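For reference, the chains in residue letters:
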Amino acid sequence: MVAAVKITSATFLTSAPTLDACPPAALPEFAFIGRSNVGKSSLINLLTLRRNLAKVSETPGKTQLINFFSINDRWALVDLPGYGFAKVSKNQRADFNEAVADYLEARESLRHTFVLIDSRLPPQKIDVAFLEWLAETDADFSLVFTKADKQSSSKTQANVARFKREVIDTLPRMADVFVSSAETKLGRNEILGHIGRLLD
Ligand SMILES: Nc1nc2c(ncn2[C@@H]2O[C@H](COP(=O)(O)OP(=O)(O)O)[C@@H](O)[C@H]2O)c(=O)[nH]1
Ligand SMILES: [Mg+2]
């Protein structure tokens, strides 16, 4: 069992539409990215044990702002706009908000990025394309397979293994993998433990 960091305060800091509009890079930041509806906001609420800190939406793709939450006045959680899929001529390309790309490439205080993947789905092109892009930056990132409560753990493990096989040739090294559920709190201690180690 890993020692999780203790969260004594969690407050909404600000929302920003672009990298330039982001608050001063004063605290180490842990960002959450993934397809719309994958569970980014729910995971932030799970980690902080605050029900409505980050807005959970039934409508995919609604949040287009970068949302900052200050934790213990020492570090920050960052809820990024979800990516979608755009058809561009013959090729489908990863369509993520320009502000997200700018943030992930250039934010000085970004310490780590959690890439969220729906644990119920076979590897999605958009997720693989996004990881290919992310791996080309110097980003430090890990994978979080969400919504594990919606199926058996053997099905989750099979999907995680399948996803790893899909990206193993793309990534310079296999990223750390977490499995989470906003319903059962699965993964909370492990993810907070990871954050704690990175903060040390
Ligand atoms: N059963 C289950 N539902 C989840 C989980 N995480 C998110 N959801 C639901 O999935 C939907 C989208 O979640 P949200 O956090 O808004 O996703 P976001 O768009 O990535 O921020 C909401 O209806 C959530 O209640 C989870 O771990 N388990
Ligand atoms: Mg959200």
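Residues numbered from 1 in each chain as written. Chains lettered and ligands numbered in written order. Predicted model: local features only at pLDDT ≥ 70, side-chain atom pairs only at ≥ 80, totals over all residues. Heavy atoms only, no water.

*Asks:* In this structure, what is going on with the packing of helix α2 (residues 98-106) against helix α3 (residues 125-136)? I would like to understand it.
*Replies:* Axis angle and axis distance: for two packed helices, these are the angle between their axes and the distance between the axes, and together they describe the pair. In contact at an axis separation of 10 Å, α2 and α3 are set at 35 degrees when each is read in the N-to-C sense. In this structure, the crossing between α2 and α3 has a hand that is right-handed. Mapping the contact onto sequence places Ala101, Leu104 and Glu105 in α2 and Phe130, Trp133 and Leu134 in α3. Considered class by class, the residues forming the contact of α2 with α3 number 5 nonpolar, no polar and 1 charged. (Axes fitted to C-alpha atoms, helices over the stretch in contact; angles between N-to-C directions. Helix = DSSP H or I, 4+ residues; strand = E, 2+ residues; numbered from the N terminus. Left-handed = near helix turned anticlockwise from the far one by under 90°. Contact = heavy atoms within 4.5 Å. Nonpolar A, V, L, I, M, F, W, Y, C, P; charged D, E, K, R; others polar.)

*Asks:* Just checking my understanding: could you explain the side chain of Thr137 for this structure?
*Replies:* Its place among the elements puts Thr137 in the loop between α3 and β8 (141-146). You can call Thr137 buried: its relative accessible area is 17%. At a separation of 2.6 Å, a polar atom in the side chain of Thr137 contacts the main-chain carbonyl oxygen of Leu134. There is a polar contact of 3.2 Å between the side chain of Thr137 and the backbone nitrogen of Ala139. (Buried < 20%, exposed > 50% of the residue type's maximum accessible area, 1.4 Å probe, protein only. Polar contact = N/O pair within 3.5 Å; in protein donor to acceptor, adjacent residues only side chain to side chain.)

*Asks:* For this particular structure, what's the right way to read α2?
*Replies:* An α-helical turn contains 3.6 residues, so a residue and the one three or four places further along point in the same direction. When we look at burial in α2, the residues that qualify are Ala99, Val100, Ala101, Tyr103 and Leu104. Considering only its buried residues, α2 is in contact with β2 (29-34), β3 (66-71), β4 (75-79), β7 (110-118) and α3.

*Asks:* I tried to follow the site of ligand 1 on my own but got confused; where do I start?
*Replies:* Near ligand 1 lie 17 residues; those nearest to it are Asn37, Lys40, Ser42, Asp149 and Ala182. Ala182 has a polar backbone atom sitting 2.7 Å from an oxygen atom of ligand 1. In isolation ligand 1 offers 580 Å² of accessible surface; the protein chains occlude 86% of this area. Its residues placed into classes, the shell around ligand 1 shows 3 nonpolar, 7 polar and 7 charged. (Near = heavy atom within 4 Å. Areas by Shrake-Rupley, 256 points an atom, 1.4 Å probe, with all protein chains shown as cover.)

*Asks:* What's the story with the environment of Asn45 in this structure? I'm lost.
*Replies:* Topologically, Asn45 is positioned in helix α1 (residues 40-48). Note: C-alpha distance between Asn45 and Ala182 (137 residues apart in sequence) is 8.1 Å. When neighbours within four sequence positions are excluded, Asn45 is seen to be in contact with Arg50, Arg51, Asn52, Leu53, Ala54 and Val56. Reaching out from Asn45, the side chain makes a polar contact with the backbone nitrogen of Leu53 at a distance of 3.2 Å. Within the structure, the side chain of Asn45 is placed 2.7 Å from the backbone nitrogen of Ala54, a separation counted as a polar contact.

*Asks:* Where do I start with the side chain of Ser181 in this structure?
*Replies:* Structurally, the position occupied by Ser181 is in the loop between β9 (177-179) and α5 (188-199). Accessibility expressed as a relative area gives 1% for Ser181, which makes it buried. Only 3.0 Å separates the side chain of Ser181 from the backbone nitrogen of Thr184, close enough to count as a polar contact. Once residues within four sequence positions are removed from consideration, Ser181 is found in contact with Leu46, Ala148, Asp149 and Leu186.

In short, geometric facts, not functional conclusions.
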